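Below are the chains, spelled out letter by letter.
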Amino acid sequence: MSITIRAAARADTATILRFVRELAAFEREPDAVVATEAMLEAALFGERPAAEAVIAERDGVGVGFALFFANFSTWTGRQGLYLEDLYVTPAARGAGVGKALLIHLAGLAVDRGWGRFEWSVLDWNAPAIAFYRAMGAEAMDEWTVQRVSGAALARLAGR
C-alpha cells in the first residue's frame, strides 16, 4: 500500500468537489456546499488561482485531498499556509493518508519560506484534534474565528 501526494490537476475538479461534499456531510452540513465544478475549476486553475490543492492517492486511487492558500502575518512579515480543507475517505482513514498530507503541506510551507501552517478544526472532532496534537499542532485557544457571510456580509457592505 503506497501513498503518494501530488498537485491537483484540472481533471481532478470533479473528485475534489466529491471530497468537499463528503467532508461537508461528515461535518454535519451536507446541504451547505454551493460550490460547483466550474467554481472550483476557476478558483484552482483559472487565470488568478485563489487556492491550491493536492490529491492523496493510495495505489493510484484518490483517497483524500487538501485545499490550501497563502495567508500573511504582519508580525512575522511572511506568508503562511492556511489549510482550508483536509479530507480522507473513511476506508483510507488510519492508513497514514492524513499524516502524509500534513507532512507534504508542511514541506511546501518550509520550501516556500513561509512562517506558519495553520487551520481550524471543529471542537467536537476529538479524533482529529488528538491527531493534530500528535503531529505537533498547538491550539490557539485564546482566538475565536469570526465570520460574516450571506445577508450579513451584504448588510455590512451597505448593499
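Criteria and thresholds
- By convention here, each chain's residues receive numbers from 1 onward along its written sequence.
- Totals for whole chains, interfaces and linings use all residues, but because this is a predicted model, local features are given only for residues with pLDDT of at least 70 and pairs of side-chain atoms are given and counted only at 80 or more.
- With hydrogens and water set aside, each side-chain value is computed from the structure's full complement of heavy atoms.
- Paired strands are those between which DSSP finds at least two bridges.
- The helix and strand labels rest on DSSP assignments: H or I over at least four residues marks a helix, E over at least two residues marks a strand, and numbering proceeds from the N terminus.
- Axis definition: a line fit to C-alpha positions, over the contact stretch in the case of helices; interaxial angles, taken between N-to-C directions, run 0 to 180 degrees.
- Under this definition, polar contacts are N or O atom pairs within 3.5 Å; protein pairs additionally need one hydrogen-donor-capable and one acceptor-capable atom, and for neighbouring residues in sequence, both atoms have to be side-chain atoms.
- Residue contacts follow a heavy-atom distance rule, with two residues in contact if any of their heavy atoms lie within 4.5 Å.
- Within this scheme, the nonpolar core is defined by two criteria: the residues are buried Ala, Val, Leu, Ile, Met, Phe, Trp, Tyr or Cys, and they are joined through side-chain atoms within 4.5 Å.
- For each residue, the accessible area found with a 1.4 Å probe, counting protein chains only, is set against the maximum for its type, and the residue is called buried under 20%, exposed over 50%, and partly exposed in between.

Undergrad: Give me the lowdown on the pairing of strand 3 (residues 61–73), citing residues and values where you can.
TA: One ladder, built from seven bridges, connects strand 2 (residues 52–58) with strand 3; its direction is antiparallel. Following the sheet pairing, Arg-58 is matched in strand 3 by Val-61. In this sheet, strand 4 (residues 78–88) lies alongside strand 3 in antiparallel orientation, the contact comprising ten bridges. By the bridge assignment, Phe-69 is partnered in strand 4 with Tyr-82. Here strand 3 hands over to strand 4 after four residues, with Gly-77 in that stretch at a positive phi of 70 degrees.

Undergrad: Please set out the sheet that holds strand 2 residue by residue, giving values where relevant.
TA: With mixed pairing, five strands are arranged side by side in an open sheet as 1-2-3-4-5. A strand with exactly one partner marks an edge of an open sheet, and here the two such strands are strand 1 (3–7) and strand 5 (117–119). Ignoring which end each strand starts from, the neighbouring axes of this sheet average 30 degrees apart. In the sheet, strand 4 pairs with strand 5 via three bridges, with the strands oriented parallel. Its bridge partner being in strand 5, Tyr-82 is matched across the sheet by Glu-118.

Undergrad: Tell me about the side chain of Glu-57, and name the residues and values.
TA: With respect to the element layout, Glu-57 can be found in strand 2. Only 3.1 Å separates the side chain of Glu-57 from the side chain of Arg-6, close enough to count as a polar contact. Those residues within four positions of Glu-57 in sequence are excluded, and the remaining contacts are Ser-2, Ile-3, Thr-4, Arg-6, Gly-62 and Val-63.

Undergrad: Pulling in residues and values, what's your account of the nonpolar core?
TA: Counting 20 residues, the largest nonpolar core has Leu-81, Leu-83, Val-97, Leu-101 and Leu-105 as its most contacted members. Among the secondary structure elements, those contributing two or more residues to this core are strand 2, strand 3, strand 4, helix 3 (97–111) and helix 4 (126–134). Per-element tally for this core: the top contributor is helix 3, with six residues. Residues Ile-16, Ile-55, Phe-65 and Tyr-87 belong to the second largest nonpolar core, which totals 15 residues.

Undergrad: Residues and numbers for the pairing of strand 2, please.
TA: Most of strand 2 sits inside the fold, with five of its seven residues counted as buried. Sheet topology places strand 1 next to strand 2; five bridges connect them, and they run antiparallel. Paired with Ala-7 across the strands is Val-54, a residue of strand 2. Counting the residues in the hairpin turn of strand 2 and strand 3 gives two residues, including Asp-59, whose phi is positive at 55 degrees.

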